[in-house]
Amino acid sequence: MQLPYVYRVTKYDPADRDEHGYYTGSEDTVSDHGEVEASYLQAVAAFAEDTGVDHLAVREPQIPSIAHFGVEPPVDGFGLNGLFPGGPTGFHDGAEVPLGIGLELVRAMLRDNGAWCRLEVEGAFAVHVGWDQYLYISSSRPCEEALAHTRELGLFPERLDASPYAFGAEEEEQVIQWPGDDDFWADLHRAVVTGRAGILEETYLEGASRWHHLTSDTIDPVRVGLVDRRG
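The shown structure was predicted, so the numbers you read here are calculated from the model rather than taken from an experiment.

> Break down the nonpolar core for me, with residues and values.
Core analysis: the biggest nonpolar cluster contains 39 residues, and Phe47, Phe91, Leu105, Val106, Leu119, Phe125 and Leu135 have the highest contact counts within it. It is helix H1 (residues 35-51) that provides the largest number of residues to this core, a total of seven residues. Residue contacts for leucine 135: discarding those within four places in its chain leaves Tyr7, Arg8, Val9, Tyr40, Val44, Val106, Val127, His128 and Val129. In this structure, Trp185, Leu214, Ile219 and Val222 belong to the second largest nonpolar core, which totals five residues.

Below is the structure:
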């Protein structure tokens, strides 16, 4: 669902953009790990407060599987250490986190630590980080107080029609997915007992997976132990 108010929040002064919209100023494209980074996080918190949300859901979580493409060096745990009780397995689609943890995830994304996701409250609020310290915040409300506070922090909020990183229908149509419902597990059980299947790959977030050996005795415990996904 496209929210009506979409803002690009950056440290880049629009006055320093050329006729094509490209930034030509002197600001660095990495996080300062200090005052400017803190301003980004305060801006997210202000928009969340203005929208009336204090918990966020993790969507489309990713970690690098092989290569690291961030500008900054990779870190152990992809920036997730200490944020989820179960480690990276707690970082899954549908996981709900308090706003404070959500801000730490935004910090990890600003620092190119490796973990990436969208954070949202369906129908009300969303935030994600693009390349080069571009932050995108969407809300069901205009968030006038948050906009004013963001400007006071020295950042530049700009109204957009949509984020360039918005999830597209064309991407969604490229992958055929089946829900892990009762019918799926019944079909899988038949395949296992007839010898047509014996291994299940669980991709609990993009870039990370684990394998389960299946027999007629283990299939039910495996189902119970899979990472929970809500919504």
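> Mind laying out the environment of alanine 48, listing which residues take part and the relevant values?
Secondary-structure assignment places alanine 48 in helix H1. Taking the C-alpha atoms as reference, alanine 48 lies 9.2 Å from isoleucine 137; in sequence the two are 89 residues apart. Residues within four places of alanine 48 in sequence aside, it is in contact with Val53, Leu99 and Phe125.

> Can you break down the packing of aromatic side chains residue by residue, with the values?
Considering all chains together, one arrives at five aromatic pairs under this definition. Ring geometry for tyrosine 7 against phenylalanine 47: centres 5.5 Å apart, planes inclined by 40 degrees, an arrangement best described as tilted. Taken together, the residues tyrosine 7 in strand E1 (residues 5-10) and phenylalanine 47 in helix H1 connect sequence positions 40 residues apart. Among the residues examined, phenylalanine 47 registers a relative accessible area of 0% and is labelled buried. With a centroid separation of 5.8 Å and an interplanar angle of 50 degrees, the aromatic rings of phenylalanine 84 and phenylalanine 91 are classed as tilted.

Scoring rules and cut-offs
Residues numbered from 1 in each chain as written. Predicted model: local features only at pLDDT ≥ 70, side-chain atom pairs only at ≥ 80, totals over all residues. Heavy atoms only, no water. Core = buried A, V, L, I, M, F, W, Y, C linked by side-chain atoms within 4.5 Å. Buried < 20%, exposed > 50% of the residue type's maximum accessible area, 1.4 Å probe, protein only. Helix = DSSP H or I, 4+ residues; strand = E, 2+ residues; numbered from the N terminus. Contact = heavy atoms within 4.5 Å. Phe/Tyr/Trp six-rings, centres within 6.5 Å; stacked < 30°, edge-to-face > 60°.

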